[in-house]
Amino acid sequence: MDKNKILIIEDDIDLRRALNIRLRANNYDTVFAGDGIMALSVARKERPDLILLDIGLPGGDGFVVMERMKNIADLACIPVVVLTARDPQSNKTKAMELGAEAFLQKPVDDAELLSAIAKALRNNAWVEPMV
Amino acid sequence: MATILTVDDRPINRQFLVTLLGYGKHRVIEAQDGAEGLRLLYGEHPDLVILDVKMPLVDGFEFLGHLRDDISVADTPVILYTGLQLDEARRSELMSQGVTAFIMKPAEPQVILDAVNKALQGHTTEDDAALPSFTIDDLQCRLAAEQSIGMRLNALVETGLELSLEKDPARLLERFCNAACQILDAKYAVIGILDASAQELTNIFVSGCSHEGPITFSPPRTEAIDSIIKKGRPVRRCGAGDDQFALLNPDQTPVECFLGVPIASGTKLYGWFYVINEKGSTAFEVEHERIAETLAAQIAVFYENILLYEEVRIKSIELEIESAERERAEKQRAQAAFELDLARQEQLELRDRFFSHVSHELRSPLSAIYQFTTIILDDLAGAITDEQREYLDIILRNSLQLRTMIDDLLEVTRAESGKQHIEPRDFGLAELCKELKTSFRKRAADLGVNLSSEGFDDLPEVFADPGRIRQVLNNLLDNAIKFTPVGGNVCILATVDPAEPGFVRIEVVDTGCGIAKQSLGSIFERHFQEERVTESSRSGLGLGLYICKQLIELQGGRIWAESNHGLGSSFFFTLPAANADARCTQLVSEKAQELTVV
């Protein structure tokens with residue numbers, strides 16, 4: 001079975017690098033975007049199985065990215081896990097309403113991160129086209 | 001001479017009777033209403049009462065009733081002098097009550113004289129032949145004079161009514177001056193208003209002056225004027241030709257007749273007024289004096305009323321200004337308080353935003369530290385030595401502590417601005433307890449502490465926010481493990497206390513160093529940290545228990561601690577039980593308690 005591909009949308013280079021190492025070590029393929037605009041074009045090109053999305057981003061924040069994805073047929077059903085430094089109290093509800101699978105606050109436990117990703121992929125397995 | 005009491009609310013009627021029956025013929029005493037009439041009746045024992053019927057407060061009939069009830073005055077004859085139409089039956093009824101005559105207003109003087117004479121016949125005194133001694137001519141002559149006086153009195157009443165509506169003091173005095181001149185048949189009338197000390201004239205009004213234009217005349221304080229002021233009595237001189245009176249004439253011509261009266265109300269003297277006539281004009285008689293006195297009394301009352309009215313008006317304006325001022329000040333205060341409150345709110349808001357921002361900014365670098373530490377620890381960057389692993393564990397532990405501190409800081413900020421968010425629902429604690437034991441197992445084992453739990457199996461569900469309860473238990477367990485020495489025990493106990501039905505009680509017990517008695521009350525306060533904290537057990541900001549208290553109380557529970565210093569501590573908290581049965585039980589038991597009390 002092919003590795004699942006995760007698009008990491010994160011403007012912090014250090015954290016992006018760390019997430020890359022962690023996810024690859026757990027048998028995922030990774031691609032990156034550093035801002036909201038690149039995020040959409042990379043997503044279109046790479047067709048990731050899951051998007052790990054930061055909220056505080058240049059070029060349109062994570063919420064904007066989610067809204068735009070909703071309007072693009074190919075991207076609308078890609079599961080999103082939000083990973084942000086922002087306060088869940090004021091942001092979690094909005095993220096969930098926009099269709100996020102999980103809301104994680106930085107710094108996140110490795111175990112928590114991996115289980116959230118696995119769960120999101122499992123939940124969305126049925127939309128994967130069988131090749 | 002008989003004493004006749006006239007009870008009538010209209011002065012003009014009394015005046016008429018006084019003029020007709022008084023002045024040497026009889027002693028006439030006046031009462032302006034029934035009550036005053038009764039006082040005079042009992043005090044003076046008059047020989048005859050001439051009674052009006054329609055009067056305020058005590059009317060004629062009531063007066064009559066009182067009169068007949070009192071033995072000492074019961075047989076006083078009474079003449080009803082009224083405008084009221086009375087039928088025959090009523091008349092005979094009243095006759096039986098001792099009414100000797102009925103006189104309809106208005107009445108011919110002769111009718112009154114006849115009735116009075118008839119009534120007084122039964123009350124003969126030694127010298128009671130006064131009335132019958134009048135000749136008819138005398139009477140005719142008198143009546144003509146009385147009628148003219150009656151007309152004057154009418155004019156006086158009308159003037160009075162007219163003047164009583166006047167609100168401007170100067171116009172009042174001026175109009176009065178003209179009216180007095182006419183009523184008293186005088187060539188000149190002069191009013192002088194005095195200052196408070198009755199020394200200086202403050203206002204003068206003159207009527208009858210021959211020249212046009214502004215009046216510059218100012219009467220000197222002659223002996224006559226001085227006498228009016230000092231004695232408060234009228235002064236009347238005729239045929240004097242005295243020079244002092246010429247000085248009081250606005251035209252400075254010789255004066256034949258002078259009549260001056262004080263204008264006073266009660267003990268307060270406002271001024272005086274006088275009228276003068278030249279030779280060949282009407283001479284001022286005693287009747288004129290009486291009318292002048294009446295006029296003066298009236299004008300004094302009107303003048304006083306106007307002054308009072310003026311005073312009240314000014315006072316009310318002052319009050320209005322004052323209350324407007326107060327209202328304005330009140331508004332300003334309210335506005336200031338509102339602005340202060342707003343500023344405080346804004347400040348709080350600003351602080352919240354600042355903390356939120358700081359916490360956000362701290363999390364990103366912390367995240368990178370944590371992630372890379374775990375990457376190295378998990379050998380994802382190649383093999384590491386045991387020593388390196390040990391040091392990396394220290395980095396990891398500290399970064400996690402830092403994360404807790406950031407969380408606490410934000411939590412406290414929220415708690416203090418009332419923005420803590422609780423999402424309670426029904427859930428079981430057993431699952432949560434298992435999770436917590438799992439997550440603390442390694443830590444406890446590392447520190448040589450035995451971790452156990454008890455009582456969760458048959459526990460009812462609670463109604464609370466699971467995330468928040470986890471937060472509280474995390475904190476309590478972390479503390480308990482931290483402060484318990486190697487070989488000690490930490491246990492989570494769950495019970496339903498029969499003393500507190502409807503609540504589930506959780507207890508975290510340790511066999512640590514315990515807490516000093518004097519500190520037990522304050523450990524849940526903000527920024528408290530007892531001295532027991534040593535280098536090896538740094539615990540951050542000391543906000544943990546404060547946050548626990550906030551969270552538990554927000555969910556309807558209580559939190560407290562017990563400790564034997566040196567033997568360990570117990571931390572308790574309660575949570576409302578979830579299921580409806582438990583809630584019902586609680587309600588029922590509350591009701592039962594109430595009933596027991598009753």
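Conventions we followed
- Sequence order as written defines the numbering, with residues in each chain counted from 1.
- Following the order in which they are written, the chains are lettered starting with A and the ligands numbered starting with 1.
- Whole-chain, interface and lining totals are the exception, using all residues; otherwise, since this is a predicted model, local features are given only for residues with pLDDT of at least 70 and side-chain atom pairs are given and counted only at 80 or more.
- Remark: hydrogens and water are excluded; side-chain values derive from all non-hydrogen atoms of the structure.
- In this description, contact between two residues means that some pair of their heavy atoms is separated by no more than 4.5 Å.
- Accessible area that two parts lose when put together, with a 1.4 Å probe and added across both, is what the buried area reports.
- Only one rule defines a salt bridge in this text: a Lys or Arg side-chain nitrogen within 4 Å of an Asp or Glu carboxyl oxygen.
- Classification of ring pairs rests on two measures: the distance between centres of Phe, Tyr or Trp rings, Trp counted by its six-membered ring, which must be within 6.5 Å, and the angle between planes, read as stacked under 30 degrees, edge-to-face over 60 and tilted in between.
- Helix and strand assignments follow DSSP, with helices taken as H or I runs no shorter than four residues and strands as E runs no shorter than two, numbered in order from the N terminus.
- For every residue, the accessible area obtained with a 1.4 Å probe (protein chains only) is divided by the maximum for its type, and the residue is called buried under 20%, exposed over 50%, and partly exposed between those limits.
- Throughout this description, the term nonpolar core refers to a set of buried Ala, Val, Leu, Ile, Met, Phe, Trp, Tyr and Cys residues connected via side-chain atoms within 4.5 Å.
- Only the contacting stretch of a helix is used when fitting its axis, a line to C-alpha atoms as for every element, and angles between N-to-C directions run 0 to 180 degrees.
- For any helix crossing, the convention is left-handed if the near helix is rotated counterclockwise from the far helix by under a right angle, and right-handed if that rotation is clockwise.
- In this classification, the charged set is Asp, Glu, Lys and Arg, the nonpolar set is Ala, Val, Leu, Ile, Met, Phe, Trp, Tyr, Cys and Pro, and all remaining amino acids, among them Gly, are polar.
- Surface patches are drawn from residues lacking salt bridges whose relative accessible area is over 30%; two like charges belong together within 9 Å, two nonpolar side chains (Val, Leu, Ile, Met, Phe, Trp, Tyr) within 5 Å.
- Using a 1.4 Å probe, the Shrake-Rupley method yields the accessible areas, and only the shown protein chains count as cover for residues.
- Lys and Arg are tallied as positive, Asp and Glu as negative. Neither His nor the chain termini are counted.
- Charged side chains are reduced to one point each, which is NZ for Lys, CZ for Arg, CG for Asp and CD for Glu.
- Disulfide: a pair of cysteine sulfur atoms within 2.5 Å of each other.
- Every residue gets a pLDDT, meaning the predictor's confidence in that residue, from 0 to 100.

Undergrad: Give me the lowdown on the interface of chain B and chain A, citing residues and values where you can.
TA: With 21 residues of chain B at the contact, the number on the chain A side is 18 residues. Interface area lost by chain B to chain A is led by Arg363, Gln371 and Phe372 of chain B, which between them contribute 27%. On inspection of chain B and its partner chain A, the count reaches 1 salt bridge. Linking Arg22 of chain A and Asp378 of chain B is a salt bridge whose minimum nitrogen-to-oxygen distance equals 2.7 Å.

Undergrad: So what's going on with the packing of aromatic side chains? Residues and values would help.
TA: Two aromatic rings are characterised by how far apart their centres lie and by the angle between their planes. Residues and elements named next belong to chain B. Tallied over the full model, the rule gives 7 aromatic pairs over all chains. Each ring, one from Tyr270 and one from Tyr303, has its centre 5.4 Å from the other, and the planes form 80 degrees; the classification is edge-to-face. Of this pair, Tyr270 sits in strand β10 (residues 268-277) while Tyr303 sits in helix α10 (residues 286-377), and the two are 33 residues apart along the sequence. Residue classification places Tyr303 among the buried residues on the basis of a relative accessible area of 9%.

Undergrad: Any chance you could break down the nonpolar core for me, citing the residues and the numbers?
TA: All names here are of chain B. Ranked by size, the top nonpolar core spans 45 residues in total, and within it Leu429, Ile469, Leu473 and Phe573 carry the most contacts. Secondary structure elements with two or more residues in this core: α12 (429-447), β13 (462-464), α13 (466-482), β14 (489-495), β15 (503-510), α14 (544-554), β16 (559-564) and β17 (568-576). For this core, the element with the most residues is α13, which contributes 7 residues.

Undergrad: Go over helix α8 (residues 223-231) of chain B, please, and point to the residues and values.
TA: Residue and element names in this part refer to chain B. Of the residues making up α8, those classed as buried are Ala224, Ile225, Ser227, Ile228 and Ile229. Looking at the buried residues of α8, the elements they touch are β6 (188-194), β8 (235-238), α9 (243-247), β9 (257-265) and β10. A positive backbone phi angle near 65 degrees is found at Gly232, which sits one or two residues after α8.

Undergrad: Please give an account of the packing of helix α1 (residues 13-25) of chain A against helix α5 (residues 110-123) of chain A that cites residues and values.
TA: Residue and element names in this part refer to chain A. Contact pair α1 / α5: the axes reach a minimum separation of 12 Å and the direction vectors enclose 65 degrees. The way α1 lies across α5 gives a crossing that is right-handed. From α1, Leu19, Arg22 and Leu23 reach across to α5, where they touch Asp110, Leu113, Leu114 and Ile117. Split by residue class, the contact of α1 with α5 holds 5 nonpolar, no polar and 2 charged.

Undergrad: Explain the pattern of salt bridges to me, using residue names and the numbers behind them.
TA: Residues and elements named next belong to chain B. Scanning the entire structure with this criterion turns up 28 salt bridges over all chains. One salt bridge connects Arg90 with Glu93, and the closest N-O pair in it is separated by 3.2 Å. You can see Arg90 and its partner Glu93 sitting in helix α4 (residues 88-96), 3 residues apart, about one turn around the helix. Arg90 sits in the partly exposed class, given a relative accessible area of 26%. For Glu93, a relative accessible area of 41% gives the class partly exposed. Here Glu325 makes a salt bridge to Arg328, at a shortest N to O gap of 2.9 Å. Placement of the pair is Glu325 and Arg328 together in helix α10, with a separation of 3 residues, close to one helical turn. Relative accessible area serves as the criterion here: at 41%, Glu325 is assigned to the partly exposed category.

Undergrad: Residue-level account of a negative patch on the surface, with values.
TA: A surface patch of negative charge is lined by Asp386, Glu387, Glu390 and Asp393 of chain B. Summarising the element assignment, Asp393 of chain B is placed in helix α11 (residues 386-416).

Undergrad: Before we move on, can you summarise unusual backbone geometry with the specific residues and values?
TA: Between Lys106 of chain A and the following residue, Pro107 of chain A, the backbone shows a cis peptide bond with an omega angle of -10 degrees. Its location among the elements puts Pro107 of chain A in the loop between β5 (102-105) and α5. One non-glycine residue, Asp185 of chain B, lies in positive phi territory at about 60 degrees. Along the chain, Asp185 of chain B turns up in the loop between α7 (169-183) and β6. Asp185 of chain B gets classed as partly exposed once you look at its relative accessible area, which sits at 38%. At Asp379 of chain B, a position not held by glycine, the phi torsion is positive, near 65 degrees. Of note, Asp379 of chain B is situated in the loop between α10 and α11.

Undergrad: Run through the state of the cysteines, naming residues and quoting values.
TA: Residues and elements named next belong to chain B. For the structure shown, the criterion picks out 1 disulfide over all chains. With a sulfur-sulfur separation of 2.5 Å, Cys238 is cross-linked through a disulfide to Cys257. Across the disulfide from Cys238 to Cys257, rotation about the S-S bond amounts to roughly 110 degrees, and the bridge is consequently right-handed. Pair noted here: Cys238 is in strand β8 and Cys257 is in strand β9, with a separation of 19 residues, a long-range link. Overall, the relative accessible area of 3% leaves Cys257 in the buried class. Cys181 forms no disulfide, and the closest cysteine sulfur to it belongs to Cys177, at a distance of 6.8 Å.

Undergrad: With reference to specific residues and values, describe the confidence of the model for chain B.
TA: All names here are of chain B. For chain B, the mean per-residue pLDDT works out to 82, and 87% of the residues sit at or above 70. Overall, residues 125-133 carries pLDDT values under 50, and its contacts beyond four positions in sequence, including any with other chains, amount to 9 contacts. Across residues 532-538 the pLDDT falls below 50, and counting only partners more than four positions away or on other chains, this stretch makes 10 contacts in the model. Predicted complex metrics record ipTM = 0.87 and pTM = 0.48.

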